[in-house]
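Given next are the chains, with one letter for each unit.
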Amino acid sequence: MPKLPPRWFIRSAWRAHRTLLRVTADRVGLSAPTPGGKFGMLRLTTTGRRSGRPRGVVLGYLEDGDRLVTLAMNGWDRADPAWWLNLQADPHAGVDLVTGSHPVTAREATGEERERLWSALLNCTGYGDLAGFAAQRGRETAVVVLDPVAG
């Protein structure tokens, strides 16, 4: 089984990434996925399910046509991340990409779609030993699809 970094390290890395985005006005820290299979980085803004306030998080993602795909992981902790709980309460969100910002609607991939997207994520470089980390969670990790909002 792969060894996870300590929780304090994971949380510090998240904070550092958000700070980098803020101090560079988004010029550094967001990236598009590469054709060779490296995931990109986006900022997802949800509405807090309790506070009603905007909540931003930086996530790795892949593209599936015009849809964006990510994993609902919380540093591989067993608990679901707050952003996924927020999306379950209100699936409307916004994404910031290197190409600009736009609204999305989130949903969990299921069945054959989940299997296809999970396979694509397994082939992606940058997540590390995805299968090994996911097995340590002790529960299935949601594959989240961010569908563009027509407009």
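Here the structure is shown first, and the text comes after it.
In this text, all values refer to a predicted model and were calculated from it rather than measured experimentally.

### Some remarks on helix α3 (residues 111-122)
Argument step 1. The first and last C-alpha atoms of α3 sit 17 Å apart over 12 residues, in line with the 16 Å expected at 1.5 Å per residue.
Argument step 2. Of the positions making up α3, those classed as buried are R114, L117, W118 and L121. Buried positions in α3, seen along its axis, are confined to an arc of 105° and lie on one side of it.
Argument step 3. Elements in contact with the buried residues of α3: β2 (54-64), β3 (67-71), α4 (130-137) and β6 (143-148).

### Remarks on the sheet that holds strand β1 (residues 40-47)
Argument step 1. One closed barrel accounts for six strands, arranged β1-β2-β3-β6-β5-β4; its pairing is antiparallel. Adjacent strand axes in the sheet meet at a mean angle of 45° when their direction is disregarded.
Argument step 2. Pairing of strand β5 (residues 100-108) with β6 involves five bridges; the strand directions are antiparallel. Bridging from a neighbouring strand, V104 pairs with P148 of β6.
Argument step 3. Across the sheet, helix α2 (residues 82-89) touches β1, β2, β3, β4 (92-97), β5 and β6, and the angle it forms with β1 is around 50°.

### Observations regarding the pairing of β4
Argument step 1. Taken together, the three bridges between β1 and β4 define a ladder with antiparallel strand orientation. For T45, the partnering residue across the bridge sits in β4 and is G94.
Argument step 2. Connecting the antiparallel pair β4 and β5 is a turn made up of two residues.

### Regarding the packing of aromatic side chains
Argument step 1. Counted under the stated rule, the structure contains one aromatic pair.
Argument step 2. Centroid distance W83 to W84: 6.4 Å. Interplanar angle 65°. Geometry classified as edge-to-face. Take W83 and W84: they sit in the same class, and that class is buried.
Argument step 3. The ring of F39 has K38 sitting right over it, with the charged end atom 5.0 Å from the ring centre.

### Notes on the pattern of salt bridges
Argument step 1. Tallied over the full model, the rule gives eight salt bridges.
Argument step 2. Here D96 ties to R43 by a salt bridge, and the two come within 2.9 Å at their closest N and O atoms. In this pair, D96 is assigned in strand β4 and R43 in strand β1, connecting sequence segments 53 residues apart.
Argument step 3. Given a relative accessible area of 16%, D96 falls into the buried group.
Argument step 4. Here R43 falls in the buried class, since its relative accessible area comes to 18%.
Argument step 5. A salt bridge links R67 to D64; the nearest nitrogen and oxygen atoms lie 2.0 Å apart. With respect to burial, R67 and D64 carry one shared label: buried.
Argument step 6. Here the salt bridges do not stand alone but share partners, grouping D64, R67, R107, E113, R116 and D147 into one network.

Cut-offs and rules
- Residues numbered from 1 in each chain as written.
- Predicted model: local features only at pLDDT ≥ 70, side-chain atom pairs only at ≥ 80, totals over all residues.
- Heavy atoms only, no water.
- Helix = DSSP H or I, 4+ residues; strand = E, 2+ residues; numbered from the N terminus.
- Expected span 1.5 Å × (residues − 1).
- Buried < 20%, exposed > 50% of the residue type's maximum accessible area, 1.4 Å probe, protein only.
- Arc of directions from axis to C-beta.
- Contact = heavy atoms within 4.5 Å.
- Pairing = 2+ DSSP bridges.
- Axes fitted to C-alpha atoms, helices over the stretch in contact; angles between N-to-C directions.
- Phe/Tyr/Trp six-rings, centres within 6.5 Å; stacked < 30°, edge-to-face > 60°.
- Lys NZ or Arg CZ within 6 Å of the ring centre and 35° of its normal.
- Salt bridge = Lys/Arg side-chain N within 4 Å of Asp/Glu carboxyl O.

Remember, this is a structural readout, not a statement about activity or role.
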